[in-house]
Amino acid sequence: MSRKPELKGWPEPKGRPELKGRAARLARLLPTGRAQAARTPFVLLVVVLLGGGLIGLLVLNSALSEGAFQLDDIQRETKNLTDEEQALQRDIDAYSAPDALQRRARELGMVPGGDPAFLGPDGKVKGVPGAAHAPLLLAPGAPATTPTPSSSTPGR
């Protein structure tokens with residue numbers, strides 16, 4: 001009855017004091033020196049994989065941060081260009097307003113045209129063309145008025 005149960009595949013520990021009872025059974029479960037040497041490459045592999053994973057995460061995080069900064073710069077530039085486009089559109093709208101066009105035309109010496117005449121497809125003139133009338137010269141800043149044909153010819 002003093003027979004000890006043997007574990008297959010595990011050698012008896014050598015150079016150790018003889019253990020009895022439960023301590024002996026637990027000691028047999030621990031690997032010997034040869035099994036310890038086989039564990040070293042596995043530990044090194046795990047350490048290398050963890051280190052490589054951490055370095056990979058660091059590189060990925062840096063790339064994402066750089067992309068976020070570039071995105072922020074592009075969004076800021078887009079906003080500035082949109083603001084500039086809107087300001088230019090407001091300028092265009094101000095210059096193309098009818099009163100601004102009329103004022104600029106008068107500054108260039110243009111006068112309103114008279115009654116128009118049209119050419120038909122057969123070459124005949126339709127309507128009676130009227131001459132353009134020069135506006136009265138007034139003080140700067142005063143609105144210019146053009147004489148109407150009925151007021152320019154007395155007796156009509």
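Residues numbered from 1 in each chain as written. Predicted model: local features only at pLDDT ≥ 70, side-chain atom pairs only at ≥ 80, totals over all residues. Heavy atoms only, no water.

A. Molecular detail of the overall build of the protein chain. What the protein chain contains, in helices and strands, is four helices and two strands. The order of helices and strands in the protein chain, counted from the N terminus, is α-α-α-β-β-α. Sorting the 156 residues of the protein chain into buried and exposed places 3% on the buried side. Looking at the protein chain alone, contacts between residues at least 24 apart form 8% of all its contacts between residues at least 6 apart. Within the structure as shown, the protein chain displays about 14,000 Å² of accessible surface, and the carbon and sulfur contribution to it stands at 64%. (Helix = DSSP H or I, 4+ residues; strand = E, 2+ residues; numbered from the N terminus. Buried < 20%, exposed > 50% of the residue type's maximum accessible area, 1.4 Å probe, protein only. Contact = heavy atoms within 4.5 Å. Areas by Shrake-Rupley, 256 points an atom, 1.4 Å probe, with all protein chains shown as cover.)

B. Structural context of the pattern of salt bridges. Within the structure shown, the criterion is met by four salt bridges. Note that Arg76 is salt-bridged to Asp72, the shortest N-O span being 2.9 Å. Remark: Asp72 and Arg76 occur in helix α2 (residues 33-95); sequence separation between them is four residues, near one turn of the helix. On the basis of relative accessible area, Arg76 is assigned to the partly exposed category, the value being 45%. Across the salt bridge formed by Lys79 and Asp83, the nearest N and O atoms sit 3.2 Å from each other. Residue Lys79 and its partner Asp83 are both found in helix α2; the two are separated by four residues, about one turn of the helix. The network of salt bridges with shared partners includes Asp72, Asp73 and Arg76. (Salt bridge = Lys/Arg side-chain N within 4 Å of Asp/Glu carboxyl O.)

C. Highlighting the confidence of the model for the protein chain. Looking at the protein chain as a whole, the pLDDT averages 80, with 71% of positions reaching at least 70. Across residues 149-156, where pLDDT falls below 50, the model places one contact with residues more than four positions away in sequence or in other chains. (pLDDT = per-residue confidence, 0-100.)

D. Layout of helix α1 (residues 22-29). When we look at burial in α1, the residues that qualify are Ala24, Ala27 and Arg28. For α1, the angular spread of the buried residues around the axis is 100°, confining them to a single face. (Arc of directions from axis to C-beta.)

E. Region of interest: a nonpolar patch on the surface. Taken together, the side chains of Phe42, Val43, Leu45, Val46, Val47, Leu49 and Leu50 make up a nonpolar region of the molecular surface, amounting to roughly 670 Å² of accessible area. Within the element layout of this structure, Leu49 appears in helix α2. (Patch = residues over 30% accessible without salt bridge, like charges linked within 9 Å, V, L, I, M, F, W, Y side chains within 5 Å.)

F. How the structure looks around the environment of Pro116. Note that Pro116 resides in the loop between α3 (98-107) and β1 (118-119). Taking the C-alpha atoms as reference points, Pro116 and Pro129, 13 residues apart in sequence, are found 5.1 Å from one another.

G. Geometry of the environment of Lys126. The topology assignment puts Lys126 in strand β2 (residues 125-126). Spatially, the C-alpha atoms of Lys126 and Pro116 are 9.2 Å apart, while their sequence positions differ by ten residues.

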